[in-house]
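Understanding the architecture of this molecule
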Amino acid sequence: MSEINAKVVIITGASSGLGEATAHRLAKSGAKLVLGARREERLKELTDAIVKQGGDAIYQVTDVTQRDQVEALAQAARDKYGRIDVLINNAGLMPLSPLDQVKVDEWDKMVDVNIKGVMYGIAAVLPTMREQKSGHVINLSSVAGHVVFPSAAVYCATKYAVKALSEGLRQESNGEIRSTNISPGAVDTELTTTISDKDTAEGVNELYKMAIDADAIARAIAFAIEQPADVDVNELIIRPTQQQ
Ligand code: NDP
């Protein structure tokens, strides 16, 4: 039996990109999925497709910037499946721009979704995982959580913060909770559509010509989950082979 089979897995930002690809991959391995994001239509389509293929999934409309909604997502998992084995903190935004443009609204959004959303996720599942004496939190950081790029200062700051949260959780795991920090390079998703600055968007679109498929990251996430309980995959960096 695969170590993924029958695990209860919550995925935030499941309505597109990495979250959606991960949902499909884990469903095929027998996970019980609880899918969250803001776009209900997309979540419903994904859930229906998984169930049609014999998988097990429910969805709950969730804005990760609203703590009560993240708590409700965790509650939906407990209500339906009675436990929470894995939380994948995947929801994120990347509206890149030079600091001189002072796009403070976009900075605020990145902090709210990329950092506070991850913190709210941890808050929503940690008491349950402590009670179970087991659990696994997988956070989506980025190559931008390891290296700072021009026009990406705030995005990088949020992804460095995610890496710090992953490492902090690992240090406080008490041998019960696994913590995995996933750092993708360029992956072909809708992420670049959040860039409002035209020049930055052009540069990023050039870089993303080499982008790899979202399933590459789903495979990395599945690898971390399927390890035996005494093995914690702490950090994975997955880049296109061509990416510097
Ligand atoms: P997408 O834009 O395709 O997906 C982002 C997801 O986040 C969507 O499902 C979106 O759903 C969700 N989301 C955005 N805001 C919120 C919110 N307030 N509440 C709940 N969900 C929200 O991008 P990716 O799949 O690429 O991004 C997934 C993660 O991977 C992000 O954290 C990103 O930073 C990270 N990453 C991606 C890389 C890439 O090259 N693609 C590289 C490195 C890291 P909805 O709009 O329906 O709420």
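None of these values were measured; they are calculated from a predicted model. (Residues numbered from 1 in each chain as written. Predicted model: local features only at pLDDT ≥ 70, side-chain atom pairs only at ≥ 80, totals over all residues. Heavy atoms only, no water.)

**Observations regarding the sheet that holds strand 4 (residues 86-89)**
A sheet is described by the order of its strands in space; here seven strands give the open sequence 3-2-1-4-5-6-7, paired in parallel fashion. A strand with exactly one partner marks an edge of an open sheet, and here the two such strands are strand 3 (56-61) and strand 7 (235-238). With direction set aside, neighbouring strand axes in the sheet form an average angle of 15 degrees. Contacts from helix 1 (residues 17-28) reach strand 1 (8-12), strand 2 (32-37), strand 4, strand 5 (135-140) and strand 6 (177-184) within the one sheet, and its direction differs from that of strand 1 by about 165 degrees. Packing against the sheet, helix 4 (residues 104-132) makes contact with strand 1, strand 4, strand 5 and strand 6, and its axis sits at approximately 175 degrees to strand 4. (Pairing = 2+ DSSP bridges. Helix = DSSP H or I, 4+ residues; strand = E, 2+ residues; numbered from the N terminus. Axes fitted to C-alpha atoms, helices over the stretch in contact; angles between N-to-C directions. Contact = heavy atoms within 4.5 Å.)

**Digging into the nonpolar core**
Residues Ile11, Leu26, Leu33, Leu35 and Ile88 are the most contacted members of the largest nonpolar core, which totals 34 residues. Those elements that place two or more of their residues in this core are strand 1, helix 1, strand 2, helix 2 (40-52), strand 4, strand 5, helix 7 (214-226) and strand 7. A per-element tally of this core places helix 7 first, with eight residues. Not counting residues within four places of it along the chain, the set of residues in contact with Ile11 comprises Gly19, Thr22, Ala23, Leu26, Leu33, Val34, Leu35, Gly36 and Ile88. The next biggest cluster of nonpolar side chains, apart from the first, holds 25 residues, and it includes Val34, Ala91, Val118 and Met129. (Core = buried A, V, L, I, M, F, W, Y, C linked by side-chain atoms within 4.5 Å. Buried < 20%, exposed > 50% of the residue type's maximum accessible area, 1.4 Å probe, protein only.)

**Here's the deal with the pattern of salt bridges**
Using the criterion set out here, one finds 12 salt bridges in the structure. Among the salt bridges present, the one from Glu202 reaches Lys198, with a minimum N-O distance of 3.3 Å. Linking Glu202 with Lys198, this pair stays in helix 6 (residues 198-207), spanning four residues, or about one helical turn. Accessibility expressed as a relative area gives 59% for Lys198, which makes it exposed. Between Arg219 and Asp215 there is a salt bridge, with the nearest N and O atoms lying 3.0 Å from each other. Of this pair, Arg219 and Asp215 both sit in helix 7, separated by four residues, roughly a single helical turn. According to the relative accessible area criterion, Arg219 is partly exposed, its value standing at 45%. Salt bridges sharing common partners tie together Arg25, Asp215 and Arg219. (Salt bridge = Lys/Arg side-chain N within 4 Å of Asp/Glu carboxyl O.)

Scope: geometric values only; no functional claims are made or implied.
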